[in-house]
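Each chain, written out:
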Protein chains: 2
Amino acid sequence: MDTELVEMLKQTGAVKFGDFTLSSGRKSTYYVDKYIFETNPVCLSVIGDRIAKLIPAGTRRLAGIEIGSIPLAAVASVKSGMPFVVVRKATKGYGTNKLIEGVWQKGEKVFVVEDVVTTARGALGAIHTLREAGLAVDEMVCVVDREEGGRESLEQEGVKVRSLVKSSELLGYKP
Amino acid sequence: MDTELVEMLKQTGAVKFGDFTLSSGRKSTYYVDKYIFETNPVCLSVIGDRIAKLIPAGTRRLAGIEIGSIPLAAVASVKSGMPFVVVRKATKGYGTNKLIEGVWQKGEKVFVVEDVVTTARGALGAIHTLREAGLAVDEMVCVVDREEGGRESLEQEGVKVRSLVKSSELLGYKP
């Protein structure tokens, strides 16, 4: 367990208790507000370092997912020197009108960066977008794994998941 | 003129020539693709340093605007130790359902970070959101000022604009 990061995430106040509807539509008695931990520069810097150290050999780019994991990918990029792309949920409708922003070549290996994985719907959507564009995705990292089936869904799609912290470590009990 | 940054932006290939429709709907013969310069870690790092040095006294937070300037605010935040918020264009419809993500208090002074200013519609929208929430905004920075009236519109709203680079410097002529 990464005790330093667990404590840091808790101290930012990112873990909230109450009645929440998650992006998946699921109800939950706790919510990990990624924007609270990732807008804290000390915490964001530590996360960026952690992610930079996990970048697998052969990776050519990181990928941040609109919008929550963009700060994570940006800081990990600067920390590692590894360029990144931004994966949109939908095109803008003007300008270059792309689903993947940044510079990339077909066939490149991309390491996906995600903030919180619950059902992994967001990550899976981005991975499909990247793969449909001809990019190779077989590994990803998330800051928090809520341990609610997302990892398994990703593994079924051939994506190995690294998590910096699990919800049970954050909460001190299995949710 | 910041020759180092001008050259760096050009070398990333972010300045494209052709027929473009900008987010404002205006037609243009050139397009500065922010995602190309800000997903380049060396360039992003230099921009983060530049922004960190411009943070006015009394600032309590930076603000990144969905989604283009989020990487800039994130890296400037880590470089400066100044926390940031993310200003959305619209609420998510689930979870905490906010227009301003992150931690903030009414009355705090916020330094807005923007990627490219043309008409400043994006920046003005974010500034209105921040001000309506009770935050104080009177200064901002952008990486590129396209010199097409955006600065003036912002100044009319009492916002002092710092730009790292002007389009005329990037292009070598006044567009």
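About the criteria used
Residues numbered from 1 in each chain as written. Chains lettered and ligands numbered in written order. Predicted model: local features only at pLDDT ≥ 70, side-chain atom pairs only at ≥ 80, totals over all residues. Heavy atoms only, no water. Least-squares fit on C-alpha atoms with pLDDT ≥ 70 in both. Salt bridge = Lys/Arg side-chain N within 4 Å of Asp/Glu carboxyl O. Helix = DSSP H or I, 4+ residues; strand = E, 2+ residues; numbered from the N terminus. Buried < 20%, exposed > 50% of the residue type's maximum accessible area, 1.4 Å probe, protein only. Contact = heavy atoms within 4.5 Å. Buried area = accessible area lost by both parts, 1.4 Å probe. Nonpolar A, V, L, I, M, F, W, Y, C, P; charged D, E, K, R; others polar. UniProt positions renumbered as here; feature names shortened; annotations may be inferred. Pairing = 2+ DSSP bridges. Axes fitted to C-alpha atoms, helices over the stretch in contact; angles between N-to-C directions. Core = buried A, V, L, I, M, F, W, Y, C linked by side-chain atoms within 4.5 Å.

### Observations regarding the relation of the copies chain B and chain A
The two copies are related by a screw operation: chain B maps onto chain A through 180° of rotation and 0.0 Å of translation along the axis, at an RMSD of 0.0 Å. What the rotation and shift describe, once combined, is the action of a two-fold rotation axis.

### Considering the pattern of salt bridges
Pairs can form between side chains of opposite charge whenever their charged atoms are close. This model, assessed by the stated rule, comprises 32 salt bridges over all chains. One salt bridge in this structure joins Lys98(B) and Asp33(A), with 3.3 Å as the shortest N-O distance. A residue pair is termed interchain when its members come from two chains, as with Lys98(B) in the loop between strand E4 (84–87) and strand E5 (100–101) and Asp33(A) in the loop between strand E2 (27–32) and helix H2 (34–38). Exposure remark for Lys98(B): the relative accessible area of 23% places this residue in the partly exposed category. When its relative accessible area of 0% is taken as the criterion, Asp33(A) is described as buried. The partner of Arg60(B) in a salt bridge is Glu108(B), with the nearest N and O atoms 3.8 Å apart. Highlighted residues: Arg60(B) in the loop between helix H3 (41–54) and strand E3 (61–65) and Glu108(B) in the loop between E5 and strand E6 (109–117), separated in sequence by 48 residues. Three or more residues are tied together by salt bridges with common partners; here these are Asp2(A), Glu4(A) and Arg50(A).

### Quick look at the interface of chain B and chain A
Between chain B and chain A, the contact holds 36 residues from the first and 36 residues from the second. Interface of chain B and chain A: buried area, both sides summed, is about 2,900 Å²; carbon and sulfur atoms make up 71% of it. Here chain B and chain A share 2 salt bridges between them. When contributions to the side of chain B that touches chain A are tallied by element, the ones reaching two or more residues are helix H2 (34–38), H3, helix H4 (70–80) and E4 of chain B. Among the elements that line the side of chain B that touches chain A, the one with the most residues is H4(B), at 7 residues. For the side of chain B that touches chain A, the residue count by class is 19 nonpolar, 9 polar and 8 charged.

### What about the UniProt feature "binding site: orotate" in chain A?
Residues and elements named next belong to chain A. Following the UniProt record, the feature "binding site: orotate" maps to Thr118 and Arg146 here. These annotated residues cover 29 residues of sequence, but their C-alpha atoms sit close together, with the largest distance between any two at 5.2 Å. Classification of Thr118 by relative accessible area gives buried; the value is 12%. The contact partners of Thr118, leaving out residues within four places of it in the chain, are Leu22, Arg26, Arg146, Glu148, Gly149 and Gly150. As for its position among the elements, Arg146 is in the loop between strand E7 (136–145) and helix H6 (150–156). The residues touching Arg146, leaving out its near neighbours within four places in the chain, are Leu22, Ser28, Tyr30, Tyr31, Val32, Val116, Val117, Thr118, Ser167 and Pro175.

### Regarding the environment of Phe37(A)
All names here are of chain A. Of note, Phe37 is situated in helix H2. By relative accessible area, which is 0% here, Phe37 ends up buried. Along the chain, Phe37 and Lys98 lie 61 residues apart, while their C-alpha atoms are 29 Å from each other. Residues within four places of Phe37 in sequence aside, it is in contact with Leu9, Thr12, Ala14, Val32, Cys43, Leu44, Ile47, Leu72, Val116, Val143 and Val144.

### What to know about the sheet that holds strand E8 (residues 160–166) of chain A
The strands making up a sheet associate through backbone hydrogen bonding, with each pair oriented either parallel or antiparallel. Residue and element names in this part refer to chain A. Strand order across the open sheet formed by 6 strands is E5-E4-E3-E6-E7-E8, with mixed pairing between neighbours. Looking at the sheet topology across the chains shown, the edges are occupied by strand E5 (100–101) and E8. Bridge count for strand E4 (residues 84–87) against E5 is 2 bridges, and the pairing is antiparallel. In the sheet register, Val86 faces E5, and the bridge partner there is Glu101. Sheet strands touched by helix H1 (residues 3–11): E7 and E8. Its angle to E8, the strand with the most contacts, is close to 65°.

### Topic: the nonpolar core
Residues Leu9(A), Phe37(A), Ile47(A), Leu164(A), Leu9(B), Phe37(B) and Ile47(B) are the most contacted members of the largest nonpolar core, which totals 77 residues. If near-sequence neighbours (up to four positions away) are discounted, Leu164(A) is found in contact with Asp2(A), Leu5(A), Ile47(A), Arg50(A), Ile51(A), Leu54(A), Val141(A), Cys142(A), Val143(A) and Glu169(A).

### What to know about H4(B)
Residue and element names in this part refer to chain B. Burial runs high along H4: 8 of the 11 residues are buried. Within H4, the full set of buried residues consists of Ile70, Pro71, Leu72, Ala73, Ala74, Val75, Ala76 and Ser77. Where H4 ends, the next residue or the one after it, Gly81, has phi of about 80°, a positive value.

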